[in-house]
Amino acid sequence: MEYNAETPIYIQVIRDLKKKMIKGELNPGDKMPSNRELAVLYKVNQNTAARIYREMESEGFCYTKRGIGTFVSEEENMFENVKKEMAEEVLRNFMHEMRDLGFQKDDIIFQIADYKEEQE
Amino acid sequence: MLECRGLSKTYGAKKALKDLNLNLETGKIYGLLGENGSGKTTWMKMVAGLIKPTQGEIHYMGRPLGYKDKEEIAYMATEPFFYDWMKAADVGRYYQDFFGDFDMDRYRELLGKMGLEESMKAREMSSGMHAKLKIAATLARKAKLCLLDEPLNGIDYKAREEVVSIIVEEADEKNTFVISTHLLEEIESFVDVAVFVKNGELIRTADLEKERIMNGRSVRDIYMEIM
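Residues numbered from 1 in each chain as written. Chains lettered and ligands numbered in written order. Predicted model: local features only at pLDDT ≥ 70, side-chain atom pairs only at ≥ 80, totals over all residues.

This paragraph deals with the overall build of chain B. In terms of regular secondary structure, chain B is built from eight helices and 10 strands. Its C-alpha atoms give chain B a radius of gyration of 17 Å, near enough to 17 Å, the size a compact globule of 227 residues would have. Considered along the principal axes of its C-alpha atoms, chain B spans approximately 45 × 40 × 35 Å. The buried share of chain B, taken over its 227 residues, is 44%. Taking contacts inside chain B between residues at least 6 apart in sequence as the whole, the part at least 24 apart equals 71%. (Helix = DSSP H or I, 4+ residues; strand = E, 2+ residues; numbered from the N terminus. Rg over C-alpha atoms; globule rule 2.2 N^0.38 Å. Buried ≥ 20, exposed ≤ 12 C-beta atoms within 10 Å, placed from the backbone. Contact = placed C-beta atoms within 7 Å.)

If you want it as structure tokens, here you go:
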């Protein structure tokens, strides 16, 4: 993974793991990688790996079965909430950039409606 | 686990290390950062017991560093240290003779993980393969303290990735790693604490994740500011 050098590593990895949940690469009840495996996968140290799971657990995205491992939450609404939360973040950044360019909300909505998806 | 107090090393008129104070904790990865000739290798060789300090003390696990501690401290030199005629298998046997804690099964496993075979000759290896051979031999010892001098220098991107993978896999809550490098970007995602040295002096230590959280600063930002 490519990291942004100024942003905490654990936050960037959590974001990536949440994306995997939304995309269905990590499903409810799935076993997550061990700390050691997560460290290798993301090139982080194992202290950071432990922190990532601590944070995600406190937010309810995963849970730990002692001696067995960490699992993706089976909470019904969890994935919809993550999706909403991440969409809000993307939108917030987008609006911020557009306002910087001098566009008002109405202009932006008009532009979005008029926007043609690029053809592959 | 390791404490350096007022450590100095003088070669004739040249001061290689000046009054260095540093504490290392178990369970962390340290990045020793500085230009060539800044004293990184001198410090590592001292902790490995290969050279004696001119002044100062090194304490390991609460007592003065002694000959016996070599068994728990692994040092990987930056220059190649195998004979040309050696095959990877010979390197394993050579290490087994020297180090009581060397684990041959682990060595074979590490070689396999990085795509090396026991029948390969050191002489015929690329620099990347050579770097992987060195790291496999060093980490097949179950050392408490691993000192890796420029493990990523002069090797291709893929070999670097493989060496980093092995390091983050092996570095856990029970051991301590010190990695010297001038390749800041290669180590910033997994180093806990950066130790900046310049002209034989320790300029600063920085908890990298804390710096990113509190100040939004990268290791490069800190480097540019203080070095």
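What follows picks up the thread again.
We now examine the nonpolar core. Soluble globular proteins tend to bury their nonpolar side chains together. Residues Ala 136, Leu 147, Phe 177 and Val 195 of chain B are the most contacted members of the largest nonpolar core, which totals 86 residues. Ignoring sequence-local partners within four residues, the contact set of Ala 136 of chain B consists of Tyr 107, Leu 110, Leu 111, Met 114 and Leu 116 of chain B. (Core = buried A, V, L, I, M, F, W, Y, C linked by C-beta atoms within 7 Å.)

Residues and elements named next belong to chain B. Burial analysis of strand β7 (residues 145-149) places five of its five residues in the buried class, which makes it a mostly covered element. In β7, alternate side chains face the same way, and those of Leu 145, Leu 147 and Asp 149 on one face and Cys 146 and Leu 148 on the other are all buried. Relative to β7, strand β6 (residues 73-76) runs parallel, the two being bridged by four bridges. Bridging across to β7, Ile 73 finds its partner in Leu 145. Pairing geometry for β7 and strand β8 (residues 176-181), over five bridges, is parallel. Following the sheet pairing, Leu 148 is matched in β8 by Ile 179. In this fold, β7 hands off to helix α5 (residues 157-170), which returns the chain to β8; that crossover is right-handed. (Pairing = 2+ DSSP bridges. Right-handed = clockwise from strand over helix to strand, strands pointing away.)

Another aspect to go through is the packing of helix α1 (residues 9-23) of chain A against helix α4 (residues 78-100) of chain A. A packed helix pair is summarised by two numbers, namely the angle formed by the two axes and the spacing between the axes. All names here are of chain A. Where α1 contacts α4, the two axes come as close as 9 Å, and the packing angle between them is 125 degrees. On the basis of the axis angle, α1 is oblique to α4. Judged by the sense of rotation from one axis to the other, the crossing of α1 with α4 is left-handed. Across the interface between the two elements, Lys 18, Met 21 and Ile 22 of α1 pack against Phe 79, Val 82, Lys 83 and Met 86 of α4. (Axes fitted to C-alpha atoms, helices over the stretch in contact; angles between N-to-C directions. Parallel < 35°, antiparallel > 145°, perpendicular 65-115°, else oblique. Left-handed = near helix turned anticlockwise from the far one by under 90°.)

Further remarks concern the sheet that holds strand β9 (residues 193-198) of chain B. Residues and elements named next belong to chain B. Judged by pairing direction, the sheet is mixed, and its six strands sit side by side in the order β6-β7-β8-β3-β9-β10 without closing on themselves. The sheet is open, and its two edges are formed by β6 and β10 (201-207), each paired on a single side. The mean inter-strand angle of the sheet, taken between neighbouring strand axes irrespective of direction, is 15 degrees. Relative to β8, strand β3 (residues 29-33) runs parallel, the two sharing five bridges. Across the sheet, residue Gly 31 finds its bridge partner in β8, namely Ile 179. Relative to the sheet, helix α1 (residues 40-47) contacts β3, β6, β7, β8 and β9, its axis offset from that of β7 by approximately 150 degrees. On the sheet, helix α4 (residues 127-139) packs against β6 and β7 and is oriented at approximately 170 degrees with respect to β6.

With that settled, consider the domain arrangement of chain A. Residues and elements named next belong to chain A. By the assigned domains, chain A splits into domain 1 (9-72) and domain 2 (78-114). Distance between the C-alpha centres of domain 1 and domain 2: 28 Å. Facing the five residues of domain 1 at the interface are five residues of domain 2. By residue class, the composition of the side of domain 1 that touches domain 2 is three nonpolar, one polar and one charged. (Domains from an automatic or database assignment. Nonpolar A, V, L, I, M, F, W, Y, C, P; charged D, E, K, R; others polar.)

In this section: the packing of helix α2 (residues 35-42) of chain A against helix α3 (residues 46-58) of chain A. Residue and element names in this part refer to chain A. It is at 8 Å that the axes of α2 and α3 come closest, and there the two elements cross at 110 degrees. For the element pair α2 / α3, the angle class is roughly perpendicular. Between α2 and α3, the contacting residues are Asn 35, Arg 36, Leu 38 and Ala 39 on the first element and Gln 46, Ala 49, Ala 50 and Ile 52 on the second. Grouping the amino acids of the contact of α2 with α3 by side-chain chemistry returns five nonpolar, two polar and one charged.

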